[in-house]
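Examination of the molecular architecture
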Amino acid sequence: MRVYRGTFVNPLNDRRYIDFLRDHIVGVQDGTIAFVEPASRLGEMATIHGFNPESDVSVFMGNQFFIPGMIDTHIHAPQYAFTGTATSCPLMEWLEKFTYPTESRFSDLGFAEQVYSKLISRLLKNGCTTGLYYATIHNESSLALARCALRAGQRAFIGKVAMDRNAPDHYRQATATAIEETERFILDARQLNSGLTHPLVEPVVTPRFIPTCTSDLMSGLAALAAKHHCLIQTHAVESIDEVAFVKSLHDAEARHEDDACHCSGGETGCLCERDIMILDKLGLLKPGTVLAHAVHLKEEEAALIKERGAAISHCPLSNYFFSQGVLPLRRCLDWGVTVGLGTDVAGGYAPSLLTAIRETVVSSRTLENRELQEGRVGGPRLRSELRVTWREALWLATMGGAQSLMLANRLGSFAPGKLFDAVLVDPQAPGSPFDVFIDAAAGGERPRAQGGLDTLEDIVEKYVNLGDDRNHVAVWVQGREVVAAGGQLVAA
Ligand SMILES: [Zn+2]
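Everything numeric here is computed off the predicted structure, so don't read it as measured data.

Turning our attention to the overall build of the protein chain. The secondary structure content of the protein chain amounts to 14 helices and 18 strands. The C-alpha radius of gyration computed for the protein chain amounts to 23 Å, which stays within 12% of the reference 23 Å derived for 492 residues, consistent with globular compactness. Taking the principal axes of the C-alpha coordinates as reference, the protein chain spans close to 75 × 60 × 40 Å. Residue pairs in contact within the protein chain that sit at least 24 positions apart in sequence constitute 73% of those at least 6 positions apart. Working note: accessible area of the protein chain is about 19100 Å², and carbon and sulfur atoms make up 51% of it. Charge separation in the protein chain, taken as the distance between the mean sites of 46 positive and 59 negative side-chain charges, equals 3 Å.

Octahedral metals with six donors have ideal donor angles of 90 or 180 degrees. Tetrahedral metals with four donors have an ideal donor angle of 109.5 degrees. Those protein atoms acting as donors to the zinc ion are His74 (NE2), His76 (NE2), His235 (NE2) and Asp344 (OD), and they sit at 2.0 to 2.8 Å. Classification of the site at the zinc ion as irregular follows from its four donor atoms and the range of 78 to 170° in their angles at the metal. Along the chain, the residues that donate to the zinc ion are spaced as H-x1-H-x158-H-x108-D. Residues His74 and His76 agree in their burial class; the two are buried.

Moving on, we come to helix α2 (residues 91-104). At Phe98, α2 is deflected by roughly 35°, the largest bend along its length, and proline Pro101 occurs up to four residues later in sequence. Listed in full, the buried residues belonging to α2 are Leu91, Trp94, Leu95, Thr99, Tyr100, Thr102, Glu103 and Ser104.

Within the secondary structure layout, Glu37 lies in strand β3 (residues 32-38). Among the polar contacts listed, one links the side chain of Glu37 to the side chain of Arg41, at a separation of 2.9 Å. Discounting residues that sit within four places of it in the chain, Glu37 has contacts with His24, Ile25 and Met45.

We now examine empty space enclosed by the protein. Within the structure shown, the criterion is met by two cavities of 30 Å³ or more. Estimates place the volume of the largest cavity at around 110 Å³. The wall of the largest cavity is formed by 14 residues, among which Leu91, Trp94, Leu95, His235 and Glu238 lie closest to the centre. Among the elements of the structure, α2 and α10 (316-322) are those that each provide at least two residues to the lining of the largest cavity. When residues in the lining of the largest cavity are grouped by element, the largest group, three residues, is from α2. Along the walls of the second largest cavity sit His314, Pro316, Asn319, Tyr320, Gly325, Val326, Leu327 and Ser363, which together make up its complete lining. Tallying contributions element by element places α10 first for the lining of the second largest cavity, with three residues. A breakdown of the residues in the lining of the second largest cavity according to their chemical character gives four nonpolar, four polar and no charged.

This model, assessed by the stated rule, comprises 19 aromatic pairs. Relative to Phe66, the ring of Phe60 lies with its centre 5.4 Å away and its plane at 85°, an arrangement referred to as edge-to-face. Neither residue differs from the other here; Phe60 and Phe66 are each classed as buried. The interplanar angle of 50° and the centroid separation of 4.7 Å between the aromatic rings of Trp94 and Phe322 together place this pair among those described as tilted. In this pair, Trp94 is assigned in helix α2 and Phe322 in helix α10, connecting sequence segments 228 residues apart. The residues Trp94 and Phe322 share a single accessibility class, namely buried. One aromatic cluster in this structure is built from Tyr4, Phe8, Phe60, Phe66, Phe414, Phe420 and Trp476. Stacked on the ring of Phe111, the Lys or Arg Arg105 has its end atom at 4.4 Å from the ring centre.

A few words on the pattern of salt bridges. Overall, the coordinates contain 29 salt bridges when judged by the stated rule. A salt bridge links Arg184 to Asp188; its shortest N-O distance comes to 3.7 Å. With Arg184 and Asp188 both in helix α5 (residues 175-191) and four residues apart, the pair spans about one turn of that helix. The exposure class of Arg184 is partly exposed, given its relative accessible area of 35%. Here Asp188 falls in the partly exposed class, since its relative accessible area comes to 27%.

How big an interface is tends to be stated in terms of accessible area lost as the parts join. Domain assignment breaks the protein chain into domain 1 (2-68 + 412-489) and domain 2 (70-404). Taken together, the contacts link 39 residues of domain 1 with 31 residues of domain 2. Across the domain 1/domain 2 interface, buried area totals approximately 2900 Å², and carbon plus sulfur atoms make up 62% of it. The tally of links from domain 1 across to domain 2 stands at three salt bridges. Notably, a salt bridge pairs Glu392 with Arg16, separated by 3.5 Å at the nearest N-O pair. The interface formed by domain 1 and domain 2 includes 13 residue pairs in polar contact (both at pLDDT 80 or more). A total of seven residues in the side of domain 1 that touches domain 2 trace back to one element, the largest contributor, which is helix α14 (residues 456-466). Per-class residue counts for the side of domain 1 that touches domain 2 are 20 nonpolar, nine polar and 10 charged.

Let us look at the nonpolar core. Counting 121 residues, the largest nonpolar core has Trp94, Tyr116, Tyr133, Leu297, Ile312, Ile357 and Tyr463 as the members making the most contacts within it. Tallying contributions element by element places helix α3 (residues 109-125) first for this core, with eight residues. Setting aside anything within four residues of it in sequence, one finds Ile357 in contact with Met70, Leu341, Trp390, Ala393, Leu394, Ala397 and Val464. Within the second largest apolar cluster, 17 residues are counted, among which are Val26, Phe66, Ala474 and Trp476.

About the criteria used
- Residues numbered from 1 in each chain as written.
- Predicted model: local features only at pLDDT ≥ 70, side-chain atom pairs only at ≥ 80, totals over all residues.
- Heavy atoms only, no water.
- Helix = DSSP H or I, 4+ residues; strand = E, 2+ residues; numbered from the N terminus.
- Rg over C-alpha atoms; globule rule 2.2 N^0.38 Å.
- Contact = heavy atoms within 4.5 Å.
- Areas by Shrake-Rupley, 256 points an atom, 1.4 Å probe, with all protein chains shown as cover.
- Lys, Arg positive; Asp, Glu negative; His and termini not counted.
- Charge placed at Lys NZ, Arg CZ, Asp CG, Glu CD.
- Donors = N, O, S within 2.8 Å, 3.2 Å for Na, K, Ca; no water.
- Tetrahedral: all angles 85-135°; square planar, octahedral: opposite > 155°, others 65-115°.
- Buried < 20%, exposed > 50% of the residue type's maximum accessible area, 1.4 Å probe, protein only.
- Bend = angle between axes of the 7 residues up to and from the residue.
- Polar contact = N/O pair within 3.5 Å; in protein donor to acceptor, adjacent residues only side chain to side chain.
- 1 Å grid on protein atoms, 1.4 Å probe; cavity = no way out; pocket = protein on both sides within 12 Å on 5 of 7 lines; lining within 4 Å.
- Points joined across faces, edges and corners; volume = space filled by probe spheres on them.
- Nonpolar A, V, L, I, M, F, W, Y, C, P; charged D, E, K, R; others polar.
- Phe/Tyr/Trp six-rings, centres within 6.5 Å; stacked < 30°, edge-to-face > 60°.
- Lys NZ or Arg CZ within 6 Å of the ring centre and 35° of its normal.
- Salt bridge = Lys/Arg side-chain N within 4 Å of Asp/Glu carboxyl O.
- Domains from an automatic or database assignment.
- Buried area = accessible area lost by both parts, 1.4 Å probe.
- Core = buried A, V, L, I, M, F, W, Y, C linked by side-chain atoms within 4.5 Å.

Put into C-alpha cells, the structure is as follows:
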C-alpha cells in the first residue's frame, strides 16, 4: 500500500460542491483508494491496513494540494496537429477545408504515432488523466492512439470515427464497411488491455454527427453499442449551420402523412428534423451517450436527454468560435442534465481543462450579462441565476466527467473504491504563473474581508484561474505515477 498525506481538494459525489480536506491521508492499494481519513488516524490505519507509517507514506505539506485527475469528455486527437490555427470560418466549411484533409493523413501510422504521443504527453502534463477521444475513420491509427495512451498510462475512451455521407470520397466509408470496421475496432481495442488489473483503454461507438452519417449507419452503430456495451459519442445541435444542414437532410423524412407533426416540440416547433430527436429515434440516446456542444438545445430536448440518461460535453472555448451561441449551462444543470467539460481540440485550441474550466465560467457570465443587458433578468440588484462558479466548473471537469462516462463510482474524486487518479499541484513550483501571499502570523486563514491574505480556498482559486502545467508536479493514473516531479513523463 502507498499512502499520500497532504491536502485534498475533493468534489462531492452527488452535489456540485467541493470539499477541502486538510492534512488527510489517502491509502492506495493496486491503484484503488482503500481509505480517505484525517491524518490523525494514521497509526490506526497503519494497523488496520498493515503499512509502515514511516516508509509507506509520501508527505506533501506546505501549500501543495491534490486534485482528482481531470476528465476531457470531448477531444479530437488527430486535430491536435493543427490546434491553435484555423479558427476563422464556420463549422461546416472548417470541416471541409481543414479537418477532413488533416484527418485523412492519419492513414499514415508513423504520422499518427507522432501526433498522438505528443498529444497524450501534453494532456497528462496538463492534468488530464482520462480522455474521451475521437480518432479518425482508420482502424489501425485509432488503435495506435490506444497504444500511445497505454504506453503513457492515460485512461482513454477512443472512437474510431464512422461516417458514410457528405465527406470527401477518400474520407468516408460505405455504410456496411463503417459498421464492420467499428465492430473490429471494438474487439481489437479491448484486446489491448490484456494483462492489466484495471482496463485503461475502452472503445466508444462514434457516429461523427448526423450530417456525415446516414440513418442506416446510425441504427447499425446503435445496435453495436448495445451488443458490446459501449459508450456512444457524437455531436448535437452544435452550430446554426449544422442545425440548418440537418434540417435540410431530414426535412422529408420528418414530414408526417397529414403534414402535421405530433412530436413533443409543441409551440417551439417540430423536433423531428433536429439532432436530439433523430438520435433518439435511432437508438443512440441512452446512458453512456456523450453529446458534444448541444448549444442550440430546446428545453424539451434537454428533458429528453435527461430522461434517457445521456450527457452533454460542454466545450465553451470551441463554442465561441463555431457555435454562434452559448450553452445555457446553468439551466441544463438546473434541469438535471449530466454535464462534463471538453476541450474540443482543435475546435477549441487549448488542450487544457483548466482553460475549459475558465471558459465555462466566462461563457456563463457572457450569457448572464446578455440577459441583464436585455433586461430579461436582474432588477436593481443586478443578480441573475445564470452564472457558474469556478468551484462548479472544477466539479464538472472531474465528477461531471466521471458521471458522463458512467464512472462516478470509479473516478472524479477521492473516495474509497475509486481509482487513484490525481494531480499534485504546487502553487509555488518554479516558474509558477501566479503568486501566493500567506498571512504567517494568522496561520494563513484570516478571511480577506477581515484583512487576511490567501486562504487555502483562495490558493486553489488562484490555481484554477491562473495556474498551468508548471504547477503540476506529479500526476497519477490508477495509482501509477505517469508524470513525475519536474513534469517529466514516466514511460511504461
Ligand atoms: Zn467535436
